[in-house]
Amino acid sequence: MSLHTETISSLRRRLTAGEISPSEILDDLATAIEARNPEVGAYLSHDLATAKADAAKADLSQPLGGIPIALKDVINTLGQPCSCGSKILQGKYTSPYDATVVTRLRTAGAIPFGRLNMDEFAMGSSTENSALQATRNPHDLSRVPGGSSGGSAAAVASQTAIAALGSDTGGSIRQPASHCGVVGLKPTYGRVSRYGLVAYASSLDQIGPLTRTVEDTALVLQAIAGHDPRDSTSLPVATEDYLSALHQGVKGLRLGIPREYFTAGIDPQVKARVDAAIAALQAAGAEIVDISLPHTEHAVATYYIIAPAEASSNLSRFDGIRYGHRTAKPEDILDLYKSSREEGFGREVKRRIILGTYVLSSGYYDAYYTRAQKVRTLIRRDFESAFQTVHAILTPVAPTAARLSGAQEADPLQEYLSDIFTIPANLAGLPAISVPVGTVMSDTNTRLPVGLQIIGPHLGEATLLRVAQATEDSTAL
Amino acid sequence: MPQPHIDVRHIANLARLELSDEEIAGFQPQLDAILGYVDSLSALDVSGIEPTAHPTVVAAPMRDDTPGSSLPTEALLRNAPDQAQGQVRVPRVVADA
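Residues numbered from 1 in each chain as written. Chains lettered and ligands numbered in written order. Predicted model: local features only at pLDDT ≥ 70, side-chain atom pairs only at ≥ 80, totals over all residues.

Caption draft 1: Fine view of the overall build of chain B. Each helix and strand in chain B was counted, giving 3 helices and 2 strands. Helices and strands in chain B line up, N terminus first, as α-α-α-β-β. Projected onto the principal axes, the alpha-carbon positions of chain B cover approximately 55 × 45 × 30 Å. Per-residue burial over chain B gives 16% buried out of 97 residues. (Helix = DSSP H or I, 4+ residues; strand = E, 2+ residues; numbered from the N terminus. Buried ≥ 20, exposed ≤ 12 C-beta atoms within 10 Å, placed from the backbone.)

See below:
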């Protein structure tokens, strides 16, 4: 069978009809992983025996009953490794508990299956910062899948996962989703619990789904969203019904096009795909409105102060004491800290820890960190004012399609600048989704996917998904 | 205004990172370039603007102080690099008097 190529909704229909069993889906996935993973490299590991045991207990009457879902290796799952793509944890850490999203997936009948590669501690936009293995773009193996949830996007795109969870701090779900041609949603900050997500930048991190269809994203979001007493930043508000409004169309919706997102620097082919998707939404009845988000140009600088600052604090827990790598023969306790961290962390992680430590250090704190937090307010206000007049905002996800592997290590700043379109939604805490809107021709003669980003207002996931569904419908061949 | 500059060795020490000379030489121009770029924010007028520490403005929620279950010690110690007598073992921290 080829159950690994199907969507959650189609598998659910067949499971409910009794045509197939969860165990058969797992077998098909395991076969597909063995065939495709050696070249794509999306999975770090998968534990078929545990998944089979979980499948036997899965409640098929639940919304995700019997559906295997793969997890970015930054989400704790009881008894499984959680390496965060880092040598500091690889082979040295087994999760002693389930993250809240995993608990919720299990309650919804889903089966956690497989650990997906990522940029180390989610720091990167290519998955090349993984210390453990390379992940390649399934559409062109000479290219990166995007990142940091590159394993999640590549697994769904290479049909080795039905759906996956990723995490998004500055675009880490949406950008790889765009590069791999799958749907990827970053929910509103606080919509999904972060309990059990290894923290990178706590005021920006959010877990979300990567799937083949918008409907599948709505199904997974429905399962994982909601207040969690274990995460004090999770919002104590009721979860909407994300499926009922999905097919209502965009007639009567006002969609904003921020002129600051359509400047020089966007690949003309990418811009053409995004423009065509916007035109299709207009044809479907949406009113397209020109808007301005004037502080957009400051988003990257703001992010690369706030995110490393929070990271330098969060990653101080990796000190060789309670878990993870400890250096072999420390001279004293200070050497234990310093050598364990030196041996365990990769270059990008060290760069961001140093940058973050610097901007938080005495004498520089106000000039960098406090100032960045104030600019963050300005960026947040830009959106608040835009959402007075529009229901959602349409933008590119990334300035280009997936780039070739290699070549970016010497110039990290250049790589940071490519996050320009995804970072603002994290700074403002807003929900945003990437939906495939066709492909462009690469200079290596491959067709590379491009996504449209839809940004919604605070807790506006239902509207966001409705626009996303209309986008998917209008670009379907 | 002088070009921003990070004393990488000093900051690495604060961050408890034992960097090699090669790493410091590699990081120095990269970090100075990044710092030069983020320094563009200094041109913005932010007087009277409140800082945003969290995107969602919700007062820190309080909950009832009720005891719940904790993770088992044994499961947590399984991840420790070194352990003895139900504790994590570390090198001696306090020097001789």
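Caption draft 2: Focus on the overall build of chain A. The number of helices and strands found in chain A is 15 helices and 11 strands. For chain A, whose C-alpha radius of gyration is 21 Å, the value lies close to the compact-globule estimate of 23 Å for 477 residues. Across its three principal directions, the C-alpha atoms of chain A cover 70 × 55 × 50 Å. Put simply, of all contacts in chain A between residues at least 6 apart along the chain, 76% involve residues at least 24 apart. (Rg over C-alpha atoms; globule rule 2.2 N^0.38 Å. Contact = placed C-beta atoms within 7 Å.)

Caption draft 3: Summary view of the interface of chain B and chain A. The interface is formed by 45 residues belonging to chain B together with 55 residues belonging to chain A. Of all the secondary-structure elements, those providing two or more residues to the side of chain B that touches chain A are α1 (8-14), α2 (21-38) and α3 (73-77) of chain B. Examining the composition of the side of chain B that touches chain A, we find that 7 residues originate from one element, α2(B), more than from any other. Residues of the side of chain B that touches chain A, tallied by class, amount to 33 nonpolar, 6 polar and 6 charged. (Nonpolar A, V, L, I, M, F, W, Y, C, P; charged D, E, K, R; others polar.)

Caption draft 4: Looking closely at the sheet that holds strand β8 (residues 287-291) of chain A. Residue and element names in this part refer to chain A. Within the open sheet, the 11 strands sit side by side as β1-β3-β2-β4-β6-β5-β10-β11-β9-β7-β8. Their pairing is mixed. Whereas interior strands pair on both sides, the edge strands pair on one side only; in this sheet they are β1 (43-45) and β8. Along the sheet, successive strands turn relative to each other by an average axial angle of 35°, direction set aside. In terms of strand pairing, strand β5 (residues 183-186) meets strand β10 (residues 432-441) through 3 bridges, oriented antiparallel. The partner of Lys186 across the bridge, within β10, is Ala432. Packing of helix α7 (residues 214-224) onto the sheet brings it into contact with β4 (163-168), β5, β6 (206-211) and β10, and relative to β6 it is tilted by some 145°. (Pairing = 2+ DSSP bridges. Axes fitted to C-alpha atoms, helices over the stretch in contact; angles between N-to-C directions.)

Caption draft 5: Molecular detail of the confidence of the model for chain B. For chain B, the mean per-residue pLDDT works out to 90, and 94% of the residues sit at or above 70. Across the assembled chains, the prediction reports ipTM 0.94 with pTM 0.97. (pLDDT = per-residue confidence, 0-100.)

Caption draft 6: Here's a closer look at the environment of Gly265(A). Take Gly265(A): it is sitting in the loop between β7 (254-258) and α8 (268-283). Between the C-alpha atom of Gly265(A) and that of Ala309(A), which follows or precedes it by 44 residues, the distance is 28 Å.

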